[in-house]
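Now for the letters of each chain:
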Amino acid sequence: MTLPPRRVALTAMAVRRGLKQLADGLVPPEVAINDISTCTGVTQVATAFAELGIADVVGDRACSAAHIAAQLGTDADFTHRLLRTASGFGLCRMNRTGTITLTRTGRLLRSDHPRSLREWVMLHGSRMQTEAWTRLADTLRTGGSAFAAAHGMSLWEWLPTHPTDARVFDEAMRRGTTVNADLIAAAYPWPLGGVICDVGGGVGTLLSAIIASCTALRGVLVDGPDVIARAGDFLKARGLADRIDIVAGDMFAVIPVAADIYLLKDVLHDWDDEHCRKILSTVAAAMPSGSRVVLVEVLQPPNTPNPLAPWADLLMLTQTDGGRQRSVDELGALLTDAGLRPTGTVRHAIPHGLVEAVKP
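The notes below deal with the structure included here.

Thresholds, definitions, all that
Residues numbered from 1 in each chain as written. Predicted model: local features only at pLDDT ≥ 70, side-chain atom pairs only at ≥ 80, totals over all residues. Heavy atoms only, no water. Helix = DSSP H or I, 4+ residues; strand = E, 2+ residues; numbered from the N terminus. Rg over C-alpha atoms; globule rule 2.2 N^0.38 Å. Buried < 20%, exposed > 50% of the residue type's maximum accessible area, 1.4 Å probe, protein only. Contact = heavy atoms within 4.5 Å. Areas by Shrake-Rupley, 256 points an atom, 1.4 Å probe, with all protein chains shown as cover. Lys, Arg positive; Asp, Glu negative; His and termini not counted. Charge placed at Lys NZ, Arg CZ, Asp CG, Glu CD. Salt bridge = Lys/Arg side-chain N within 4 Å of Asp/Glu carboxyl O. Pairing = 2+ DSSP bridges. Axes fitted to C-alpha atoms, helices over the stretch in contact; angles between N-to-C directions. Arc of directions from axis to C-beta. Patch = residues over 30% accessible without salt bridge, like charges linked within 9 Å, V, L, I, M, F, W, Y side chains within 5 Å. Right-handed = clockwise from strand over helix to strand, strands pointing away.

1. A look at the overall build of the protein
What the protein contains, in helices and strands, is 17 helices and nine strands. Taken over C-alpha atoms, the radius of gyration comes to 22 Å for the protein, in line with the 21 Å a tight globule of 360 residues would show. Scored against the burial criterion, the 360 residues of the protein give a buried share of 44%. Contacts spanning at least 24 positions in sequence make up 66% of the contacts within the protein whose residues lie at least 6 apart. Total accessible area computed for the protein in this model is approximately 17900 Å², and 57% of it derives from carbon and sulfur atoms. Averaged over its 35 positive side-chain charges, the protein has a centre that lies 7 Å from the centre of its 37 negative ones.

Here you go:
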């Protein structure tokens, strides 16, 4: 994927938002409110579309609801009604005979699509997440955790005991990173040689994109034992198992890796400031003098709504214990508290920003 200039990307998103606001201005406000209030239903339609594997059945063909239902073992009439609704917001097109084809948006729900977001949709429509969202008003009143109020435990306690949710969560994170891994890899001047340590990097989606871009670089992937156990097969499939080492570590205790750059993508937004300071202190303790840390986060200035960061911020509010999207200054303060020196360098790979600091 070619990296778009930041101004171009932001302009495109602003135009899209403006066109939607213009469209809302052409109808009575009740219509716009109806659209907003029924978004939960839209999410659930997309989730059913993804969970059932409808896009895999349709593929590149035109299919009837009866054919899809026969393949999936679903009710034909109910399936037709789902498809008719899905066509209304762009997952498929339905002709006058009731036959559907996938749109370019709907094709992203195919499991074999190179940029598939099937599990991403399934995660955001899951009962696990949806039930936490229903506690949003309560958590504003109490200041407590919406996820814990809904489930009686934190997200990080939930996933090890719910393997289906954990599988969808892991794959959604991998798929979400795949979407802009190449953009992030192109946005920063990674060294021509040396070692990059990806802390909390899952199975190595982003790290593999960076290492593949420079043949002299090596990588070390650090995550929990259960995640690391799945990383080997992924890195072998990418042909990078001999250039990326996998190490089980605990970002709250010790990271047993000396590297030139320490990479943390979408790690800090899962945690409150106290936990972030602990994570960065653990990273700083491993860093040799002169090495760098690069934080990859969706940046959220305090009073500047944009198309992506405010939603991600409320996602963290409802799904984590104290997580949030932060501004460059807020991230800089956390880095400084950990004994690191922010360099002032901020690079952009929409929707993420890359914030750099050095170990004195």
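2. Topic: the pattern of salt bridges
A complete count under the given rule lists 14 salt bridges for this structure. For Arg118, the salt bridge identified is with Asp56, shortest N-O distance 3.5 Å. Of this pair, Arg118 sits in helix α7 (residues 118–124) while Asp56 sits in helix α4 (residues 54–58); the two residues are 62 residues apart in sequence, bridging distant segments of the chain. When its relative accessible area of 32% is taken as the criterion, Asp56 is described as partly exposed.

3. A look at the sheet that holds strand β9 (residues 352–358)
Strand order in the open sheet formed by seven strands is β5-β4-β3-β6-β7-β9-β8, with mixed pairing between adjacent strands. Looking at strand neighbours, the two that pair on one side only are β5 (244–248) and β8 (341–349), the edges of this open sheet. Taken over all neighbouring pairs, the strand axes of this sheet differ in orientation by 20° on average, direction set aside. Relative to the sheet, helix α12 (residues 163–187) contacts β6 (261–265), β7 (292–297), β8 and β9, its axis offset from that of β8 by approximately 125°. Against the sheet, helix α13 (residues 205–212) contacts β3 (194–199), β4 (217–223), β5 and β6, and its axis sits at roughly 175° relative to β4.

4. Overview of helix α5 (residues 65–72)
One turn of an α-helix holds 3.6 residues; hence residues three or four places apart share an orientation. Where α5 is concerned, the buried positions are Ala65, Ile68 and Ala69. Considered in projection along α5, the buried side chains sweep an arc of 100° and stay on one side of the axis. α5 presents Ala66, Ala70 and Gln71 as exposed residues on the side facing more than 90 degrees away from its buried surface. Along its buried surface, α5 packs onto α4, α6 (76–88) and β2 (100–102). Just downstream of α5, Gly73 is the residue with a positive phi angle, here 75°.

5. Re a nonpolar patch on the surface
On the surface, Val15, Leu19, Leu22, Leu26, Val27 and Val31 cluster together to form a nonpolar patch covering roughly 550 Å² of accessible area. Considering every element that reaches the nonpolar patch, the biggest residue donor is helix α1 (residues 6–25), with three residues. The class of Val31 is partly exposed, set by a relative accessible area of 38%.

6. Points about the pairing of β5
Within a regular strand, the side chains alternate between the two sheet faces. One ladder, built from five bridges, connects β4 with β5; its direction is parallel. In the strand pairing of β5, Leu221 is matched with Ile246. What joins β4 to β5 is helix α14 (residues 225–237), and the crossover it makes is right-handed.

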